[in-house]
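# Structure at a glance
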Amino acid sequence: MKERSSEKITKQLIRSILEQEWATNDPLPPERELATHYQVGRPTIREALQRLERDGWITIRKGAPAIVNDYWKHGNLMTIVNILQHHEDIPDEFIVYMLELRITLTPAYVRDALLHHRLQIISLFIPLQELTDDPKSYANFDWNLQKNIAELSHNPIFLLILNSFQDIYGKMAEKYFLEPSHRQASKHYYEQFLEATLRGDLDHAEFLTKEMMSTSLELWKTKMNGGI
């Protein structure tokens, strides 16, 4: 599908903000100047600015140029996706942020799904038998597992949150699973979780999930610190 002109300009404006061409609280150039710079009509610029405001990048002011926001305070999930899409490589600190989020998020939807769809969860582990020892295979397995478990939860918000990160989850997971020890730890978790679920020990399965989310964070921080 061909990308709209307003979408291209939105991405270029985000890049300019991320590269600090305009800092927080700086005014953007007026619509007329932006239209001249990007060689498009003012309606296209207006649409791009509305997209930026929707995702917390700017505040539009009537009769005055838009103001750049502190996007960490005014943004939303799409803001994070936009930031990561402008990096060829996922920054290490963003993986820390995501792993910290998983500590709270993942046990909640795992517990909910286990209570209502234990047998369906067990079936999700069938591909585990054919899992090859490489980062991409682990990244794909983990994404499919997490997404499907979230879908089995009665709260649809969990899946919506995960879907927001679909395009970048694989990149982050592949970077995390480059370390053989990280793959080994996850494989051990998958096997233990499946065993507990087969026994119907849902409390232990939830505990294992919480423990693994914390372990993943510590493993990644250790890697960032050079293995110390």
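Quick caveat: nothing in here was measured; it's all calculated off a predicted structure. (Residues numbered from 1 in each chain as written. Predicted model: local features only at pLDDT ≥ 70, side-chain atom pairs only at ≥ 80, totals over all residues. Heavy atoms only, no water.)

## Description of the overall build of the protein
Spelled out, the test is: By definition, any uninterrupted DSSP run of H or I lasting at least four residues is a helix, any uninterrupted run of E lasting at least two residues is a strand, and each is numbered from the N terminus. A simple rule labels every residue: compare its accessible area, found with a 1.4 Å probe on the protein chains alone, to the largest value its type can have, and call it buried under 20%, exposed over 50%, or partly exposed in between. Every residue pair with non-hydrogen atoms within 4.5 Å of one another is taken to be in contact. The method behind every accessible area is Shrake-Rupley, applied with a 1.4 Å probe, and residues are considered shielded solely by the protein chains displayed.
Tallying secondary structure elements over the protein gives twelve helices and two strands in all. Along the chain direction, N to C, the helices and strands of the protein fall in the order α-α-α-β-β-α-α-α-α-α-α-α-α-α. Taken along its principal axes, the extent of the C-alpha atoms in the protein is 65 × 40 × 30 Å. Burial status across the protein gives 42% buried among its 228 residues. In the protein, once contacts between residues fewer than 6 apart in sequence are set aside, the share between residues at least 24 apart is 66%. For the protein, the accessible area works out to roughly 12,700 Å², and carbon and sulfur atoms hold 51% of it.

## Some points on helix α8 (residues 135-152)
Inclusion rule: What a helix is expected to span follows from its residue count: subtract one and scale by 1.5 Å. The term polar contact refers here to a pair of N or O atoms within 3.5 Å; inside protein, the definition further demands a hydrogen-donor-capable atom paired with an acceptor-capable atom, and it admits residues adjacent in sequence only when both atoms are side-chain atoms.
Its 18 residues give α8 an end-to-end C-alpha distance of 26 Å, which sits within 8% of 26 Å, the value for a rise of 1.5 Å per residue. At its buried positions, α8 is contacted by α6 (92-116), α7 (118-123), α9 (156-164), α10 (166-176) and α11 (180-199). Measuring from the side-chain oxygen of the N-cap residue of α8 to the backbone nitrogen of Lys136 gives 3.3 Å; that N-cap residue is Asp134.

## Some thoughts on the nonpolar core
Applicable threshold: We call a set of buried Ala, Val, Leu, Ile, Met, Phe, Trp, Tyr and Cys residues a nonpolar core when their side-chain atoms join them within 4.5 Å.
Of all hydrophobic cores here, the largest spans 69 residues; its most connected members are Leu13, Phe125 and Tyr190. Sort the elements by how many residues they give to this core and α6 lands first, with ten residues. Not counting chain neighbours up to four residues away, the residues in contact with Tyr190 comprise Phe125, Leu128, Leu131, Tyr138, Phe141, Asp142, Leu145 and Phe177.

## Examining the packing of aromatic side chains
Spelled out, the test is: Ring pairs shown here join Phe, Tyr and Trp side chains whose ring centres sit within 6.5 Å, with only the six-membered ring taken for Trp; geometry is labelled stacked below 30 degrees between planes, edge-to-face above 60, and tilted in between.
Enumeration over the complete set of coordinates arrives at 15 aromatic pairs. An angle of 50° between the planes, with centres 5.8 Å apart, marks the rings of Tyr189 and Tyr190 as tilted. We classify Tyr189 as buried; its relative accessible area is 8%. Site record: aromatic cluster; members linked through ring pairs are Trp57, Tyr71, Trp72, Phe94 and Tyr97.

## Comments concerning the pairing of strand β1 (residues 58-61)
What counts, and what does not: Strands are treated as partners if at least two bridges between them are detected by DSSP.
Examined bridge by bridge, β1 and strand β2 (residues 64-68) share three bridges and lie antiparallel to one another. Note that in β2 the partner of Arg61 across the bridge is Ala64.

Purely spatial values, then, with no claim about function.
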